[in-house]
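The primary structure of each chain is shown beneath.
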Amino acid sequence: MRANRGLAGLIAGDTTISKVDVSTNSLWYRGYDINELCAKTSFLEVAYLLLNEDLPTSKQLTEFEAFERSNRGIPKAMYTAFENMPTHAHPMDLLKIGVSMLGSFDEENSLGSNTHEQNLRKAMLLLSKMPTVVANSYRISKGQPPVEPDSELSYSENFLSMILGKKTNDPLSVKTLDNSLILYAEHGYNASTFSARVTAATLSDLYNAVSSAIGTLKGPLHGGANEQVMYMLQEIESPERAKQYTLNKIHNKEKIMGFGHRLYRTGDSRTAVIKNLGEQLAEQTGITKWHEISRIMEETMIAEKKIYPNLDFPAATAYYLLGIPIELYTPIFAASRITGWAAHILEQHDDNRLIRPGCEYVGPTSRKVKPISERL
Ligand code: COA
């Protein structure tokens, strides 16, 4: 029996965390439609939902937010380590190192307990600290001084302010980041989540499972696509070149970043909200050419290949209009997806069995070893 390439179509496990409904192109977090969550909740409420199985009451949210705000700081030694990293290191690699360091600094983690309570504690610490790691490891690599997180600001106000290096509370900008974090938070057995579950299933700890996931997310076929989308739009540069660029890529059988999906075949329900917010930002800033290029590419891809944009396509332009450095697009995705990863690690550890599939050997057989002097 030959394996399904890329495990396409395979059901690898049960989950209560999210449902991708391909028949309606919709995505549901613990039974709630993501579009309704974007309209009516904040990213932190969604983080609570993913980690605790239901939306918080007002009291629960207050406590959750208080924990998050008071745990944003990271050890000074981590700043020293980032100062000693080469300036060419990618922010995703700095984030992966940062998460590993946070695991080493967490004394309770070294005791090796993977109980539900311990995993929840570690997940909330990472949720609180990852924006600081993302913003400050990047700033240090650019020769800029780190900035302190501001506990007076909401999660997304603080994250955006740290990334941009100035206090930012423009409502449209904060809502765009916050909604993008909701949309990026969880997506079933995607590649990075699956890798987190594989690591967790060996009874390794949550920090190591998240490090595995970050390494997996970095690839351009997965989370790394959002930064590649923006480099591509910059390369195209003007709407006049967009159609021919797309046709050339199709003709040369090259992948166009931000299009296609393993599960969705007729559109990705996560795109509408962020596209709309991006268009509002374009109106606010007067910079419309990225949406013009995107519109032409989308029309051409649908007409020629019936392949639709995924979330990374409109997210890239929205982040660009927010003034976010392109190399930080995937780390921001990771700072959101920590919630989904952690929910899956909790689910895995709460009912664990080692994940270890078989494979079909298709190489040569029954070979005889010649002495080295006879091998040519
Ligand atoms: N650009 C051009 N063609 C694409 C494409 C894209 N982005 N995505 C899929 N296709 C084409 C493939 O060339 C293939 O065509 P063929 O049957 O004529 O050979 C067909 O669609 C199936 O693609 P395949 O790569 O087998 O699908 P997959 O399910 O293995 O891959 C992705 C899914 C997401 C990896 C793929 O769509 C892709 O590489 N997209 C670009 C990267 C990206 O945006 N990733 C973020 C995903 S959320």
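Up top you'll find the structure we're talking about.
Overview of the structure. Note that this is a predicted model, so its numbers are computed, not measured.

Cut-offs used in this document
Residues numbered from 1 in each chain as written. Predicted model: local features only at pLDDT ≥ 70, side-chain atom pairs only at ≥ 80, totals over all residues. Heavy atoms only, no water. Helix = DSSP H or I, 4+ residues; strand = E, 2+ residues; numbered from the N terminus. Rg over C-alpha atoms; globule rule 2.2 N^0.38 Å. Buried < 20%, exposed > 50% of the residue type's maximum accessible area, 1.4 Å probe, protein only. Contact = heavy atoms within 4.5 Å. Areas by Shrake-Rupley, 256 points an atom, 1.4 Å probe, with all protein chains shown as cover. Core = buried A, V, L, I, M, F, W, Y, C linked by side-chain atoms within 4.5 Å. Pairing = 2+ DSSP bridges. Near = heavy atom within 4 Å. Polar contact = N/O pair within 3.5 Å; in protein donor to acceptor, adjacent residues only side chain to side chain. Nonpolar A, V, L, I, M, F, W, Y, C, P; charged D, E, K, R; others polar. Expected span 1.5 Å × (residues − 1). Bend = angle between axes of the 7 residues up to and from the residue.

### Notes on the overall build of the protein
Turning to step 1, where the next piece is worked out: From N to C terminus, the protein includes 16 helices and three strands.
Turning to step 2, where the next piece is worked out: The C-alpha atoms of the protein give a radius of gyration of 22 Å, which matches the 21 Å a tight globule of 376 residues would have.
Turning to step 3, where the next piece is worked out: Taken along its principal axes, the extent of the C-alpha atoms in the protein is 70 × 55 × 45 Å.
Turning to step 4, where the next piece is worked out: When the 376 residues of the protein are sorted by exposure, 52% land in the buried category.
Turning to step 5, where the next piece is worked out: When contacts within the protein are restricted to residue pairs at least 6 apart in sequence, long-range pairs at least 24 apart make up 75% of them.
Turning to step 6, where the next piece is worked out: Looking at the protein as shown, the accessible area adds up to about 18,300 Å², and 53% of this sits on carbon and sulfur atoms.

### Comments concerning the nonpolar core
Turning to step 1, where the next piece is worked out: Counting 104 residues, the largest nonpolar core has Tyr29 and Met297 as the members making the most contacts within it.
Turning to step 2, where the next piece is worked out: Broken down by element, this core gets its largest block of residues, twelve residues, from helix H6 (residues 116–141).
Turning to step 3, where the next piece is worked out: If sequence neighbours within four positions are ignored, tyrosine 29 has contacts with Ile17, Ser18, Ile34, Leu37, Val46, Leu49, Leu50, Ile182, Leu183, Tyr184, Ala185 and Glu186.

### Looking at the pairing of strand S2 (residues 26–29)
Turning to step 1, where the next piece is worked out: The pairing of strand S1 (residues 18–21) with S2 spans four bridges and is classified as antiparallel. Counterpart to aspartate 21 in the pairing with S2 is serine 26.
Turning to step 2, where the next piece is worked out: Here S1 hands over to S2 after four residues, with asparagine 25 in that stretch at a positive phi of 50°.
Turning to step 3, where the next piece is worked out: In the sheet, S2 pairs with strand S3 (residues 32–33) via two bridges, with the strands oriented antiparallel. From the neighbouring strand, tryptophan 28 faces S3, where its bridge partner is aspartate 33.

### Some words on the site of the ligand
Turning to step 1, where the next piece is worked out: Around the ligand lies a shell of 19 residues, among which Ile256, Gly258, Phe259, Arg262 and Asn310 are the nearest.
Turning to step 2, where the next piece is worked out: Within the contact set of the ligand, an oxygen atom lies 2.9 Å away from a side-chain nitrogen or oxygen of asparagine 310.
Turning to step 3, where the next piece is worked out: Protein contact buries 68% of the 850 Å² of open area that the ligand shows by itself.
Turning to step 4, where the next piece is worked out: Tallied by class, residues from the shell around the ligand come to eight nonpolar, five polar and six charged.

### Thoughts on helix H16 (residues 329–350)
Turning to step 1, where the next piece is worked out: Here H16 contains 22 residues, and its C-alpha end-to-end distance of 32 Å stays within 8% of the 32 Å for a straight helix at 1.5 Å per residue.
Turning to step 2, where the next piece is worked out: Where H16 bends most, at arginine 337, the angle is about 40°.
Turning to step 3, where the next piece is worked out: Where burial is concerned, most of H16 is hidden: 21 out of the 22 residues are buried.

### Comments concerning the sheet that holds S2
Turning to step 1, where the next piece is worked out: The three strands are arranged S1-S2-S3 in an open sheet whose pairing can be described as antiparallel. Across the chains shown, the open sheet's two edge strands, defined by having one partner strand only, are S1 and S3.

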